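Each chain is listed here by its residues.
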Amino acid sequence: MTERILLDPTNERVRARRPRAARPSSLEGKVIGLLDISKPRGDVFLGRLAELLEARGHRVVRFRKPTYTKPAPPDVRRAVREGCDVVVEGLAD
Amino acid sequence: MTTPAVRFGLPEGVIAVVKRECPTCRLIVPVLGELRAAGVPLTILTQDDPDFPPGLSPLDDSALAASWSLRIETVPTLLRVEDHRVADRTEGWQRDAWERLSGVRGLGAGLPPHRPGCGSRTLDPALAEALAARAVEAGDSPLRARPVALGELEDPIEAAFARGWSDGLPVVPPTPARVLRMLEGTTRPPDAVVAVVPPDYAECTVEKVAINAVMAGCLPEYLPVVIAAVEAACTDAFNVHGVLATTYFVGPMIIVNGPIARAIGLNSGTNALGQGTRANATIGRALQLVIRNVGGGRPGEVDRAMLGQPGKYTFCFAEDEAGSPWEPLSVERGLARGTSAVTIFAAEAPRAVVDQRSRTAESLAGSYAACLRTVAHPKLVGGCDVVLVVSPEHGRLFRAAEWSKTRLREEIVRRSMLPGAEIVQGAGGVAEGMPETFRDGTWPKFTAENLLFVHAGGTAGLFSAIIAGWIGRGGSQPVTREVKP
């Protein structure tokens, strides 16, 4: 049996490489989103962050994933995309 | 796409495909002479003897390239080619069909009106695979996966490593011939979509499952089990995306029930969770290779496991239903008895339960409860599901006591109640534990729904095994799926 031809076991996709969104030079006038992924105490951390940001006069919007075990549902992703200029996501407990 | 007729340069007119070994082909030799005499543009392709039929100048197709391309299944086959395409075809000898196809009347006057043909040599099992493999190289095959051509000096096993297809162990090179043989294990067409596999959310066809099953070392008869496992893993309930992405230890474990387990030689007895049985070793591995290669779930990328566990190479076993004191897991989970099924579970590595002294079900349930307390952390409760693999020597105590699974569950829950004061954060000088709100009252380590029982293992050994799940608070639920051919 010849083994010169193998069949590709992968999904044969070519990974798209996209540049990161441009970072704002200042948070002046920007809406800051805080995404809670529902990890324990993530809300505590983000709550403190919100206090500090608001004390500096920034507008803060809160978002929440229903569970950290699954990707964010489309409506959450859309809300984040449309509702703020920058986002902080608490990834771990 | 180029039609086969153009690719192989088939002539316009009528083509007869024959072999000398076939009595019907020998019977209709005079008819071929009549077609020639009537001026029909006739090409004769012969599959075995290049001189057959004598005197009619046949073309040698003993390499079967033209027969394969024309999808010949029977000889004789008569075809009419118009505009580089097969416009009409008939198999065996049928006077009316041959007259219609050739436009010549009164063919084979001395012959019976019809006579069935014989199998084409392209269907000879010894040849079919080699032909199919050659067809893949020629771009003329039912397989759709991208063919990867290796260099003359390239070792195919090293090539698979180099391309990132391996789990770290050598894989069987997925040649077209091996993949076609694997596909014989299912009735599903190669292009049927089995599931959408996270984290890339890529559609996975039967063919892609077969390719990865070949690499894992599966036999074709294992393929339906692998397909069912892929289906089960890619449900929202099992959530293989989360199982991959968590820093926790878990990976997919497959428990097989029903007649297919014995039919394909899955081990449910001695060393059922260990090495040494091809079906156990390769089915679990095939699922992991599908997740890696089709789903794109690789360690260090979306697979963020902090340590992982050895069962992430492969983790599959069967339930010993015949010796069990209880109904099979799949039956408890809603499928009919006698139905083959897989149940998939996000599993930590197994840990031992030693109890060589208990002679009553009550005492053994107490041991189970005590050992189960250590899952994740003795001061954490209610976090995950657990599979308890009950051995034959332990199981017989429950049979003798006529304890159902429900009874055993209730007893374990009752015996694993923990006083809140012992498990809150800081209690016993240990910071880990439950929040302060748990201080009052007593709390079950597990609820009844968290506990799954499976009967397996060798007949000697007063042990059982705890296989704990993901502490992802419902992030992954066990999923049971029927195995279909």
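Residues numbered from 1 in each chain as written. Chains lettered and ligands numbered in written order. Predicted model: local features only at pLDDT ≥ 70, side-chain atom pairs only at ≥ 80, totals over all residues.

**Student:** What is the right way to read helix α17 (residues 405-415) of chain B from this model?
**Tutor:** Every α-helix winds through 3.6 residues per turn, so residues three or four apart in the chain are directed the same way. Residue and element names in this part refer to chain B. Buried residues of α17: L408, R409, I412 and V413, and no others. Relative to the axis of α17, the buried residues are bounded by an arc of 130° and lie together on one face. Of the residues in α17, the exposed ones pointing more than 90 degrees away from the buried face are T406 and R414. Against α15 (361-372), α16 (392-401), β19 (442-444) and β20 (451-455) lie the buried residues of α17. (Buried ≥ 20, exposed ≤ 12 C-beta atoms within 10 Å, placed from the backbone. Helix = DSSP H or I, 4+ residues; strand = E, 2+ residues; numbered from the N terminus. Arc of directions from axis to C-beta. Contact = placed C-beta atoms within 7 Å.)

**Student:** In this structure, what is going on with helix α13 (residues 278-293) of chain B? I would like to understand it.
**Tutor:** The terminal C-alpha atoms of α13(B) lie 21 Å apart, and with 16 residues this matches the ideal 22 Å at 1.5 Å per residue to within 8%. Of all 16 residues that make up α13(B), 15 are buried, and the element is covered over most of its length. (Expected span 1.5 Å × (residues − 1).)

**Student:** Would you mind showing me how to read the interface of chain B and chain A here?
**Tutor:** How big an interface is tends to be expressed through the accessible area that disappears when the partners come together. With 33 residues of chain B in contact, the opposing surface of chain A contributes 16 residues. Listed by contribution, the elements that provide at least two residues to the side of chain B that touches chain A are α6 (125-137), β10 (147-149), α7 (156-162), α8 (176-183), α9 (206-216), α11 (240-245) and α13 of chain B. Ranked by residue count, the leading element in the side of chain B that touches chain A is α9(B), at 4 residues. When the residues that make up the side of chain B that touches chain A are grouped by side-chain class, the tally is 20 nonpolar, 9 polar and 4 charged. Direction of pairing for strand β1 (residues 5-7) of chain A relative to β10(B): antiparallel, over a ladder of 3 bridges. Directly across from A:L7, in β10(B), lies its bridge partner B:P147. (Nonpolar A, V, L, I, M, F, W, Y, C, P; charged D, E, K, R; others polar. Pairing = 2+ DSSP bridges.)

**Student:** Can you walk me through the sheet that holds β20(B) in this structure?
**Tutor:** The pairing of strands in a sheet happens through backbone hydrogen bonds and is either parallel or antiparallel. Residues and elements named next belong to chain B. Reading across the sheet, the 4 strands line up as β16-β21-β17-β20 and stay open at both edges, with mixed pairing between neighbours. Looking at strand neighbours, the two that pair on one side only are β16 (350-354) and β20, the edges of this open sheet. Across the sheet, the mean angle separating the axes of adjacent strands is 25° when strand polarity is ignored. Relative to strand β21 (residues 463-468), strand β17 (residues 386-390) is paired through 4 bridges, and the arrangement is antiparallel. Following the sheet pairing, V387 is matched in β21 by I467. On the sheet, α15 packs against β16, β17 and β21 and is oriented at approximately 140° with respect to β16. (Axes fitted to C-alpha atoms, helices over the stretch in contact; angles between N-to-C directions.)

**Student:** Mind showing me how you'd approach the sheet that holds strand β15 (residues 341-347) of chain B here?
**Tutor:** All names here are of chain B. One open sheet accounts for 4 strands, arranged β14-β13-β15-β22; its pairing is mixed. The sheet terminates laterally at β14 (316-318) and β22 (479-482), the two strands that pair on one side only. Between one strand axis and the next, the sheet turns by 25° as a mean value, whatever way the strands run. With 7 bridges connecting them, strand β13 (residues 251-257) and β15 associate as antiparallel partners. Bridge pairing in β15 links V256 to V342.

**Student:** Explain the packing of α9(B) against helix α10 (residues 223-233) of chain B here, please?
**Tutor:** How two helices pack is summed up by the angle between their axes together with the distance between the axes. All names here are of chain B. Close contact between α9 and α10 brings their axes to 10 Å; oriented N to C, the two are set at 115°. As for how α9 packs across α10, the hand of that crossing is right-handed. Contact residues: α9 offers V206, V209, A210 and A213, while α10 offers L223, V226, I227 and V230. Per-class residue counts for the contact of α9 with α10 are 8 nonpolar, no polar and no charged. (Left-handed = near helix turned anticlockwise from the far one by under 90°.)

**Student:** Any chance you could explain the environment of B:E402 here in plain terms?
**Tutor:** Residues and elements named next belong to chain B. By the element assignment, E402 lies in the loop between α16 and α17. Judged by local crowding, E402 falls into the exposed class, with 9 C-beta atoms found within 10 Å. Sequence-wise, E402 and G426 are 24 residues apart; in three dimensions their C-alpha atoms are separated by 42 Å.

**Student:** Would you explain the pairing of strand β2 (residues 42-46) of chain B in this entry?
**Tutor:** Consecutive side chains of a regular strand alternate in pointing toward one face of the sheet and then the other. All names here are of chain B. By the bridge criterion, 5 bridges tie strand β1 (residues 13-18) to β2 in an arrangement that is parallel. Residue pairing for β2: V14 is matched across the bridge by L42. Sheet topology note: the β2/strand β3 (residues 59-60) ladder contains 2 bridges and is parallel. What sits directly across from L45, in β3, is L59.

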